[in-house]
Amino acid sequence: MQSYEVISGPLADAAVWRGALIWAVALYVPLSAPLSRLETSLETSTIPEDWRQGILILSSLLLALAVGLATQLGCSWALGPGWASSLGVVAVGWSLLLVFSNRGSD
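From a predicted model like this one, the values you see are computed outputs, not experimental measurements.

**Comments concerning the overall build of the protein**
The helix and strand tally for the protein stands at four helices and zero strands. Counting every position in the protein, which comprises 106 residues, the buried fraction comes to 24%. For the protein, restricting intrachain contacts to residue pairs at least 6 apart in sequence, the fraction spanning at least 24 positions comes to 72%. About 7600 Å² of surface is accessible on the protein, with carbon and sulfur atoms providing 70% of the total.

**Some remarks on helix H3 (residues 49-79)**
Here H3 is 31 residues long and its end C-alpha atoms lie 44 Å apart, about the 45 Å a rise of 1.5 Å per residue gives. Along H3, the positions that sit buried rather than exposed are Arg-52, Leu-56, Ser-60, Ala-64, Gly-68, Leu-69, Gln-72, Cys-75 and Ser-76. Positive phi appears at Gly-80, one or two residues downstream of H3, with a value of about 110°.

**A word on the pattern of salt bridges**
If you walk through the whole model with that rule in mind, you get one salt bridge. Where Glu-49 meets Arg-52, a salt bridge forms, and the shortest distance between an N and an O atom there is 3.5 Å. Here Arg-52 and Glu-49 lie together in helix H3, a separation of three residues that amounts to about one turn. According to the relative accessible area criterion, Glu-49 is partly exposed, its value standing at 45%.

**A closer look at the environment of Leu-87**
Examined against the element boundaries, Leu-87 turns out to sit in helix H4 (residues 81-105). Overall, the relative accessible area of 36% leaves Leu-87 in the partly exposed class. Each C-alpha atom of the pair Leu-87 and Cys-75 lies 8.6 Å from the other, and the pair is 12 residues apart in sequence. The contacts of Leu-87, once residues within four sequence positions are left out, are Trp-23, Cys-75 and Leu-79.

**Quick notes on the confidence of the model for the protein**
Low pLDDT means the predicted coordinates in that region are not meant to be read closely. Of the residues in the protein, 84% have a pLDDT of 70 or more, and the chain-wide mean is 79. When pLDDT is averaged over each helix and strand of the protein, the minimum, 78, is found for helix H1 (residues 14-32) and the maximum, 86, for H3.

**Some words on a nonpolar patch on the surface**
Taken together, the side chains of Tyr-28, Val-29, Ile-57 and Leu-61 make up a nonpolar region of the molecular surface, amounting to roughly 360 Å² of accessible area. Put simply, the parts of the chain that give the nonpolar patch at least two residues each are H1 and H3. Here Tyr-28 shows up in helix H1.

**Remarks on the environment of Glu-39**
Here Glu-39 shows up in helix H2 (residues 35-43). Under the relative-accessibility criterion, Glu-39 is labelled partly exposed at 37%. Considering only alpha carbons, one finds Glu-39 and Arg-52, 13 residues apart in sequence, at a separation of 8.2 Å.

**Quick notes on the packing of H2 against H3**
Orientation of H2 relative to H3, taken along the N-to-C sense of each, is 165°, at an axis distance of 11 Å. Here H2 is positioned roughly antiparallel relative to H3, judged by the angle of their axes. Crossing angle aside, the handedness with which H2 passes H3 is right-handed. In contact with Leu-35, Leu-38, Glu-39, Leu-42 and Glu-43 of H2, H3 contributes Arg-52, Ile-55, Leu-56, Ser-59, Ser-60 and Leu-63.

The rules behind these values
- Residues numbered from 1 in each chain as written.
- Predicted model: local features only at pLDDT ≥ 70, side-chain atom pairs only at ≥ 80, totals over all residues.
- Heavy atoms only, no water.
- Helix = DSSP H or I, 4+ residues; strand = E, 2+ residues; numbered from the N terminus.
- Buried < 20%, exposed > 50% of the residue type's maximum accessible area, 1.4 Å probe, protein only.
- Contact = heavy atoms within 4.5 Å.
- Areas by Shrake-Rupley, 256 points an atom, 1.4 Å probe, with all protein chains shown as cover.
- Expected span 1.5 Å × (residues − 1).
- Salt bridge = Lys/Arg side-chain N within 4 Å of Asp/Glu carboxyl O.
- pLDDT = per-residue confidence, 0-100.
- Patch = residues over 30% accessible without salt bridge, like charges linked within 9 Å, V, L, I, M, F, W, Y side chains within 5 Å.
- Axes fitted to C-alpha atoms, helices over the stretch in contact; angles between N-to-C directions.
- Parallel < 35°, antiparallel > 145°, perpendicular 65-115°, else oblique.
- Left-handed = near helix turned anticlockwise from the far one by under 90°.

What follows is the structure in structure tokens.
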């Protein structure tokens, strides 16, 4: 019987992509700090305001997804896909805890 899969390997597993999205949500806030340099450079550029916001949003989402996918693949290799996704859920909770605790100190 022939297999008609377009993608094979670890990226063909839907659990890897779900885990990558969980990790992307968990790492979105910590990864937004390095993007502040991009934001300041966009402010001085001649790009229109609408394009600047789009570039900033797209770059932050792509960065979070790429880091989330790399984290999920690394944790899946070390722990297994189920454990890696569960650890991502814990990271989301920890990230939310840190965000809400910092709001109280402001």
